[in-house]
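Notes for the structure review
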Amino acid sequence: MKRVLIPLQGAQMLFVAFGALVLMPLLTGLDTSVALFTAGFGTLLFQLVTKRQVPVFLASSFAFIAPILYGVQTWGIPATMGGLMAAGGVYMLLGLTVKLRGTGFIHMLLPPVVVGPVIMIIGLGLAPVAVNMALGKSGDGSLIIVEQNIALTISLCALMTTIIVAIFAKGLVRLMPILAGILVGYGISLAFGVVDFTPVSQAAWLAMPNFVAPEFNWHAILFMIPVAIAPAVEHIGDILAISNVTGKDYFKKPGLHRTLTGDGIATIAAAALGGPPNTTYSEVTGAVTLTKSFDPRIMTWTAITAITLAFVGKLGAVMQTIPVPVMGGIMCLLFGSIAAVGLNTLIRHQVDLSEPRNLSIVGVTLVFGIGGMAFGIGSFSLTGISLCGIVAILMNLILPAVKKPQAEK
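The shown structure was predicted, so the numbers you read here are calculated from the model rather than taken from an experiment.

Thoughts on a nonpolar patch on the surface
- A contiguous nonpolar patch, built from Met160, Ile164, Ile167 and Phe168 and spanning about 420 Å² of accessible area, is present on the exposed surface.
- Position of Phe168 among the secondary structure elements: in helix H8 (residues 148–168).
- With relative accessibility at 60%, the residue Phe168 sits in the exposed group.

Quick look at the structure:
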């Protein structure tokens, strides 16, 4: 009986992750079938590196949405994939550093005063894209795709559904607010007649995912490397969370260096095939908490299910028919939530913004990111999240540390 239940539990975990998994490639113009394949393949690689000891599922990372959007527009998908492979290399480098010097090095290089504002920029930098899509326009606002009043109705219904499910739903349903928002928004889009089923009718039932080979452009590589900061810190938080859920210390066994390396290898493999970079999924961790399904073999079946679905051509075509306002409505919450996570990082770690040093780091990082500051020498330039990450790290290392008042004797 247990042998039958484990594959079913694995499929259930994919259902929990599905909405977020496919939303990321839909927003960035990547292939959803490739994203499904690389999520499954990346999870299997992660399990190989960590000796299948950690019950987590890896899939599309939202932290890379803004960099991928910029990279695809600037250098194209192949060069962007090459940059993302380099970002995966940063994970592996961090894993090696943790193995050699322990976790203290990461806390020194990436304290909350650095990580907080960088995460906030990831969310806030995409706010105009979310609003444009919610209004029925293309991401840059240059093209009207759906009439504004209809688009607003669709996007607001998708947004409100996502919020209501996240707050009021119970059990497993509460872990799937994005999927719920997509389904309701899609249903209303059908009622308004704005869904084009042409891609579905033209697609084969079984089809090879549209894999893309990477190209290596040093501009894209230098742009993507600093972006790995935020998801690397997110990875550490997720491993801590699943450790608390299962009652096992995964920082020690298999070790944080192994989980970081596994995540890095999964991201490199995903980018090498044209898929979005991978990260551990909090939604699935929540499902593990709820169902008490601690067996890592369940995630093996989640990965196998994802790989199998990647070859269903009709499924990938259906994903392409999701109207822009549906995604825009959900993005309004999603990107705001990312910014809120960064703000919560500062609050939770009690970063004192009355201190000039902390205020300088946070203030400059936010203004550079939101204002679109760019530094360039010749053909080399830094902008956006990559610039913010480097500036925040350098300011943290250069500015003198705040002296803590000595305790009274």
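Let's pick the thread back up.
Describing the packing of aromatic side chains
- The full count for this structure, using the stated rule, is seven aromatic pairs.
- Judged by centre distance (6.0 Å) and plane angle (35°), the ring pair of Phe37 and Phe41 falls under tilted. You can see Phe37 and its partner Phe41 sitting in helix H2 (residues 32–49), four residues apart, about one turn around the helix.
- Note on Phe41: relative accessible area 31%, which makes it partly exposed.
- Residue Phe37 is classed as buried on the basis of its relative accessible area of 15%.
- Within the aromatic cluster, the residues linked to one another by ring pairs are Phe37, Phe41, Phe211 and Phe311.
- Positioned over the ring face of Trp205 is Lys314, at 5.7 Å from the centre of the ring.

Structural notes on the environment of Leu179
- Along the chain, Leu179 turns up in helix H9 (residues 177–192).
- Given the relative accessible area of 11%, Leu179 is considered buried.
- Leu179 sits 44 residues away from Leu135 along the chain, and the two C-alpha atoms are 20 Å apart.
- The contacts of Leu179, once residues within four sequence positions are left out, are Phe15, Phe18 and Gly19.

Side note on the pattern of salt bridges
- Here the structure, examined in full by the defined rule, presents one salt bridge.
- Close ionic contact of Arg297 with Asp295 constitutes a salt bridge, the shortest N to O distance being 2.8 Å.
- For Arg297, a relative accessible area of 34% puts it in the partly exposed group.
- Judged by its relative accessible area of 22%, Asp295 is partly exposed.

Digging into the side chain of Thr161
- Mapping Thr161 onto the fold places it in helix H8.
- Assessed through its relative accessible area of 15%, Thr161 is described here as buried.
- In terms of polar contacts, Thr161 uses its side chain to reach the backbone carbonyl oxygen of Cys157, at 2.7 Å.
- The residues touching Thr161, leaving out its near neighbours within four places in the chain, are Ala180, Gly181 and Val184.

So, the environment of Val318
- Looking at the secondary structure, you find Val318 in helix H16 (residues 313–320).
- What makes Val318 partly exposed here is its relative accessible area of 30%.
- Among residues more than four places away in sequence, those in contact with Val318 are Tyr186 and Val200.

With respect to the packing of H2 against helix H15 (residues 297–309)
- For the pair H2 and H15, the least separation of the axes is 7 Å and the interaxial angle reads 150°. As the angle between them shows, H2 and H15 are arranged roughly antiparallel. In the crossing of H2 with H15, the sense of the turn from one axis to the other is left-handed. Residues Leu36, Phe37, Gly40, Phe41, Thr43, Leu44 and Gln47 of H2 form the contact with H15, whose participating residues are Met299, Thr300, Ala303, Ala306, Ile307 and Leu309.
- Of the residues that constitute the contact of H2 with H15, the class distribution is nine nonpolar, four polar and no charged.

Topic: H9
- Under the 1.5 Å per step criterion, the end-to-end length of H9 is 23 Å for 16 residues, consistent within 8% with the ideal 22 Å.
- Among all positions of H9, only Pro177, Ile178, Leu179, Ala180, Gly181, Ile182, Gly185, Tyr186 and Ser189 are buried.
- Once H9 ends, the next one or two residues include Gly193, with phi positive near 70°.

A short note on the confidence of the model for the protein
- On average, residues of the protein score 90 in pLDDT, and 97% of them reach the 70 mark or higher.
- At the level of individual helices and strands, the protein shows its lowest average pLDDT in strand S4 (residues 380–383), which scores 71, and its highest in H2, which scores 97.

A closer look at the state of the cysteines
- The full count for this structure, using the stated rule, is zero disulfides.
- The thiol of Cys157 is not disulfide-bonded; the next cysteine sulfur, from Cys332, is found 13 Å away.

A closer look at the environment of Glu355
- You can see Glu355 is positioned in the loop between helix H17 (324–348) and helix H18 (356–371).
- A sequence separation of 183 residues divides Glu355 from Leu172, and the C-alpha atoms of the two residues are 43 Å apart.

Quick notes on the rules
- Residues numbered from 1 in each chain as written.
- Predicted model: local features only at pLDDT ≥ 70, side-chain atom pairs only at ≥ 80, totals over all residues.
- Heavy atoms only, no water.
- Patch = residues over 30% accessible without salt bridge, like charges linked within 9 Å, V, L, I, M, F, W, Y side chains within 5 Å.
- Areas by Shrake-Rupley, 256 points an atom, 1.4 Å probe, with all protein chains shown as cover.
- Salt bridge = Lys/Arg side-chain N within 4 Å of Asp/Glu carboxyl O.
- Helix = DSSP H or I, 4+ residues; strand = E, 2+ residues; numbered from the N terminus.
- Buried < 20%, exposed > 50% of the residue type's maximum accessible area, 1.4 Å probe, protein only.
- Phe/Tyr/Trp six-rings, centres within 6.5 Å; stacked < 30°, edge-to-face > 60°.
- Lys NZ or Arg CZ within 6 Å of the ring centre and 35° of its normal.
- Contact = heavy atoms within 4.5 Å.
- Polar contact = N/O pair within 3.5 Å; in protein donor to acceptor, adjacent residues only side chain to side chain.
- Axes fitted to C-alpha atoms, helices over the stretch in contact; angles between N-to-C directions.
- Parallel < 35°, antiparallel > 145°, perpendicular 65-115°, else oblique.
- Left-handed = near helix turned anticlockwise from the far one by under 90°.
- Nonpolar A, V, L, I, M, F, W, Y, C, P; charged D, E, K, R; others polar.
- Expected span 1.5 Å × (residues − 1).
- pLDDT = per-residue confidence, 0-100.
- Disulfide = S-S within 2.5 Å.

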